[in-house]
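Each chain is listed here by its residues.
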Amino acid sequence: MKAAVLLLAALLLASCKSLPDKPVEQAMYDFGPAPVAEGSAPANRLPLVLPDVQAEGMVETPALLYRLAYDDPHQLRPYAFARWTTEPGVLLRQRLQEVLGRERVVLDTGASATLTRRGGPPPPMLRVDLEEFSHVFDSPRESRGVLRVRATLLQREDGNTRVVAQRRFEVQRPAPAPDAAGGVRALTAAADALAQELAAWLRQP
């Protein structure tokens, strides 16, 4: 009898171990609300067209990406259980529209085309190309969010488009923790800083 009881207990234990683990829930992130503006910004500047942010390669996916700079800085890796709610380029455009819109009317390409058809002058266009958007680890405990873009200000005149100005921006912010949540906070802070730098750049004569 004792042997039978022990055998039954062993079978029950084995069956419990064979049950699948509870699936890990995927964490979804976005930039959250934009920081509150300090003071009142003038909202009387010329309108600006802001098309979709252009991205290439891995940056086009909603994966939350990181690099181990101390191991292989050339390899981008996705976090297994954390991702953005949509592609980083979409989130970045939303943030830029919100921040730049405090000083001027920001249009998408459709609204700009409607304005032009009605006889108004074509407003300048800000093209933003996203080149880097990742959580970079310099060591297992030290990391930062790295955001790099190429911004091009374009003006359409007499059926031709000319480049008014172009500049590369790179913004880095330290991550408060060496994990996905820390990377999200660092990259969000970098996006907020980039929006302010672009706003200042556009104010230049």
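Here the structure is a predicted model, which is why all the values come from computation and not from measurement.

(A) Looking closely at the pattern of salt bridges. One pass over the structure, following the stated rule, counts 14 salt bridges. Salt-bridge contacts for Arg45 lead to Glu103; the nearest nitrogen and oxygen are separated by 3.4 Å. Here Arg45, found in the loop between β1 (27–29) and β2 (48–49), pairs with Glu103, found in the loop between α2 (88–100) and β6 (106–107); they are 58 residues apart in sequence, far enough to count as distant. You can call Arg45 partly exposed: its relative accessible area is 31%. Given a relative accessible area of 7%, Glu103 falls into the buried group. Overlapping salt bridges, with partners in common, bring together Arg127, Asp129, Glu131, Arg148, Arg150, Arg168 and Glu170 in one network.

(B) Focus on the pairing of strand β9 (residues 160–174). The sheet contact formed by strand β8 (residues 143–157) and β9 spans 14 bridges and is antiparallel. Note on β9: the bridge partner recorded for Val146 is Gln172. From the end of β8 to the start of β9, which pair antiparallel, there are two residues, and Asp158 there has a positive phi angle of about 55 degrees.

(C) View of the packing of aromatic side chains. Overall, the coordinates contain six aromatic pairs when judged by the stated rule. An aromatic cluster is built from Phe31, Trp84 and Phe133, whose rings are joined through pairwise contacts.

(D) Layout of the layout of surface pockets. If you add up the space inside the largest pocket, you get close to 260 Å³. Forming the walls of the largest pocket are 13 residues, and the residues nearest its centre are Leu46, Arg104, Pro124, Leu153 and Leu202. Grouping the amino acids of the lining of the largest pocket by side-chain chemistry returns seven nonpolar, two polar and four charged.

Cut-offs used in this document
Residues numbered from 1 in each chain as written. Predicted model: local features only at pLDDT ≥ 70, side-chain atom pairs only at ≥ 80, totals over all residues. Heavy atoms only, no water. Salt bridge = Lys/Arg side-chain N within 4 Å of Asp/Glu carboxyl O. Helix = DSSP H or I, 4+ residues; strand = E, 2+ residues; numbered from the N terminus. Buried < 20%, exposed > 50% of the residue type's maximum accessible area, 1.4 Å probe, protein only. Pairing = 2+ DSSP bridges. Phe/Tyr/Trp six-rings, centres within 6.5 Å; stacked < 30°, edge-to-face > 60°. 1 Å grid on protein atoms, 1.4 Å probe; cavity = no way out; pocket = protein on both sides within 12 Å on 5 of 7 lines; lining within 4 Å. Points joined across faces, edges and corners; volume = space filled by probe spheres on them. Nonpolar A, V, L, I, M, F, W, Y, C, P; charged D, E, K, R; others polar.

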